[in-house]
Amino acid sequence: MTEIAELLAANEHYAASRAHVAGARPSRRLAVLTCMDARIDVFAVLGLQLGEAHVLRNAGGRVTDDVLRSLALSTHALGVDTVVIMQHTKCGLAGITDEDLRRATGADLGFFPIDDHSAALREDVELIATTPFLTPLRMVGGFVYDVESGRLDDVVRWERPVTT
Ligand SMILES: [Zn+2]
């Protein structure tokens with residue numbers, strides 16, 4: 001069986017017994033941005049259930065223009081007010097440069113490599129916090145997930161100042 005045929009066969013079983021979520025609005029008003037890394041089970045790591053959060057994934061779990069596009073909809077159209085950015089240990093984007101990645105892939109792209117998780121998380125949290133169209137956001141947190149222990153390191157937190 002090919003990989004794709006296997007997916008379609010699995011879906012037959014899933015459709016017969018799936019959990020149903022009524023609305024599109026994440027019930028915990030939460031969006032989680034994390035890496036595409038195959039070792040991260042986002043829902044299990046954070047104790048989330050289907051319907052509770054938006055999950056955005058890309059290489060590194062970095063804040064790109066497309067992440068900002070998604071968060072614009074999450075916040076304005078779907079009620080999200082909290083974002084968690086979850087990078088992880090042993091990430092393929094850590095300890096490598098844009099130049100290395102351009103050479104390896106032949107793609108002339110900005111890959112958002114991670115030199116230091118703490119610095120990268122602070123930079124990304126700051127970018128979300130200062131994006132003018134994301135004003136509905138009240139809180140942003142930055143974590144590093146340890147793929148060996150399964151534990152989170154709580155690295156950075158931002159809360160929108162209360163204006164009177
Ligand atoms: Zn990664």
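Turning our eyes to something else, we now look at the pattern of salt bridges. All told, the structure shown has 12 salt bridges when counted by the stated rule. Here Glu 123 and Arg 62 are joined by a salt bridge, their closest N and O atoms 3.5 Å apart. Within this pair, whereas Glu 123 is found in helix α5 (residues 117-129), its partner Arg 62 is found in the loop between β2 (53-58) and α3 (65-78), the two being separated by 61 residues in sequence. Classification of Arg 62 as buried rests on a relative accessible area of 3%. Residue Asp 124 pairs with Arg 62 through a salt bridge whose shortest N-O separation is 2.8 Å.

All right, on to the coordination of the zinc ion then. Around the zinc ion, the protein contributes the donor atoms Cys 35 (SG), His 88 (NE2) and Cys 91 (SG), which lie 2.0 to 2.3 Å from the metal centre. Donor residues for the zinc ion, ordered by position in the chain, follow C-x52-H-x2-C. Linking Cys 35 in strand β1 (residues 30-35) with Cys 91 in the loop between β3 (82-88) and α4 (98-105), this pair joins segments that are 56 residues apart in sequence.

Attention now moves to the side chain of Thr 64. If you trace the backbone, Thr 64 turns up in the loop between β2 and α3. Sequence-distant contacts of Thr 64, defined by excluding residues within four places in its chain, comprise Asn 58 and Phe 112.

Turning next to helix α1 (residues 3-17). The end-to-end C-alpha separation of α1 is 22 Å, in line with the 21 Å expected for 15 residues at 1.5 Å each. Counted residue by residue, α1 has 0 buried out of 15 residues, so it is predominantly exposed.

Moving on, we get to α5. Taking 1.5 Å per residue as the helical rise, α5 with its 13 residues ought to reach 18 Å, and the 18 Å between its terminal C-alpha atoms agrees with that figure. Those residues of α5 lying buried are His 117, Ala 120, Leu 121, Asp 124, Val 125, Ile 128 and Ala 129. Along the long axis of α5, the arc covered by the buried residues comes to 165 degrees, so they all point the same way. Of the surrounding secondary structure, the elements contacted by the buried residues of α5 are α3, β3, β4 (139-145) and β5 (152-159).

What counts and how
- Residues numbered from 1 in each chain as written.
- Predicted model: local features only at pLDDT ≥ 70, side-chain atom pairs only at ≥ 80, totals over all residues.
- Heavy atoms only, no water.
- Salt bridge = Lys/Arg side-chain N within 4 Å of Asp/Glu carboxyl O.
- Helix = DSSP H or I, 4+ residues; strand = E, 2+ residues; numbered from the N terminus.
- Buried < 20%, exposed > 50% of the residue type's maximum accessible area, 1.4 Å probe, protein only.
- Donors = N, O, S within 2.8 Å, 3.2 Å for Na, K, Ca; no water.
- Contact = heavy atoms within 4.5 Å.
- Expected span 1.5 Å × (residues − 1).
- Arc of directions from axis to C-beta.

These results come straight from atomic positions and should not be treated as a statement about function.
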